[in-house]
Amino acid sequence: MTETVDTADAVMTSETSLRVQRSYDASPEEVFDAWTNPEVLRRWWVVQAEETTPVAEVDLRVGGRYRLAMETPEGERHTVQGEYMEIDRPHRLVYSWQWELDAGGLGPASTVTVEFRETGERTEVVLEHAGLPDSESRDRHAYGWTACLEFLGTRGLAAVA
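Bear in mind that the values here come from a model prediction, so they are computed numbers and not experimental data.

(A) The arrangement of the packing of helix α1 (residues 28–36) against helix α3 (residues 135–156) in detail. At a minimum axis distance of 12 Å, the contact between α1 and α3 shows a crossing angle of 120 degrees. The orientation of α1 relative to α3 falls into the category oblique. For the crossing formed where α1 meets α3, the hand is right-handed. Packed against α1, whose contacting residues are Val31, Ala34 and Trp35, the element α3 presents Trp145, Leu149 and Leu152 at the interface.

Encoded structure:
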């Protein structure tokens, strides 16, 4: 089953950056932990419902690294990695972002900033992804982030609520 993603939540802030906002019925601590706990990441870090997350490695400290892979039912794998640059639990995460290339090596580096804002009994996630190589990459990432944030709510936080 392939689901269509509405990227209306994504705002293209420049040719090479975007912002996506989503609100959840959970505390900032719960959402932050869902973002940084490998066990929970495996439940929601996908773009399509039938994908899996076979790799979720997190060394949550400034200078620590992460590595996440999503895999299609056909075995096609997309893996991203990076380094944590700022950690302020449960308010903010900043980390580098680089896709692993099929031919080996890493793609261009960009930066992801995620803020977890308490709004009453809910948490608003504001994600900014900056420094992407071009508008095509920005648009693909807008699609991906919008889908991931939807799955965060339905798969990642559903077990918490």
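(B) Empty space enclosed by the protein, seen in detail. Taken as a whole and judged by the stated rule, the model has 1 cavity of 30 Å³ or more. In this structure, the largest cavity spans a volume of roughly 90 Å³. Lining the largest cavity are Trp35, Leu41, Trp44, Trp45, Val58, Tyr66, Leu68, Tyr84, Leu93, Tyr95, Trp97 and Trp145. Among the secondary structure elements, those contributing two or more residues to the lining of the largest cavity are α2 (38–44), β4 (65–71) and β6 (92–99).

(C) Spatial organisation of the packing of aromatic side chains. In this structure the tally under the stated criterion is 10 aromatic pairs. Ring geometry for Trp35 versus Phe116: centroids 5.9 Å apart, planes at 80 degrees, classification edge-to-face. With Trp35 in helix α1 and Phe116 in strand β7 (residues 110–119), this pair connects stretches of sequence that are 81 residues apart. Residue Phe116 is classed as buried on the basis of its relative accessible area, which comes to 3%. Centroid distance Trp97 to Trp145: 5.0 Å. Interplanar angle 45 degrees. Geometry classified as tilted.

(D) Structural view of α3. When the terminal C-alpha atoms of α3 are compared, their 29 Å separation across 22 residues agrees well with the 32 Å that a helix rising 1.5 Å per residue should span. With a side-chain oxygen positioned 3.2 Å from the backbone nitrogen of Glu136, the residue opening α3 is Asp134.

(E) Structural context of the nonpolar core. Trp35, Trp44, Trp45, Tyr95, Val114, Trp145 and Leu152 are the most contacted members of the largest nonpolar core, which totals 39 residues. If one sorts the elements of this core by residue count, α3 sits on top with 7 residues. Residues contacting Trp145, with those up to four places away along its chain left out, are Leu18, Val20, Trp35, Trp45, Tyr95, Trp97, Val112, Leu127 and His129.

Conventions we followed
Residues numbered from 1 in each chain as written. Predicted model: local features only at pLDDT ≥ 70, side-chain atom pairs only at ≥ 80, totals over all residues. Heavy atoms only, no water. Axes fitted to C-alpha atoms, helices over the stretch in contact; angles between N-to-C directions. Helix = DSSP H or I, 4+ residues; strand = E, 2+ residues; numbered from the N terminus. Parallel < 35°, antiparallel > 145°, perpendicular 65-115°, else oblique. Left-handed = near helix turned anticlockwise from the far one by under 90°. Contact = heavy atoms within 4.5 Å. 1 Å grid on protein atoms, 1.4 Å probe; cavity = no way out; pocket = protein on both sides within 12 Å on 5 of 7 lines; lining within 4 Å. Points joined across faces, edges and corners; volume = space filled by probe spheres on them. Phe/Tyr/Trp six-rings, centres within 6.5 Å; stacked < 30°, edge-to-face > 60°. Buried < 20%, exposed > 50% of the residue type's maximum accessible area, 1.4 Å probe, protein only. Expected span 1.5 Å × (residues − 1). Polar contact = N/O pair within 3.5 Å; in protein donor to acceptor, adjacent residues only side chain to side chain. Core = buried A, V, L, I, M, F, W, Y, C linked by side-chain atoms within 4.5 Å.

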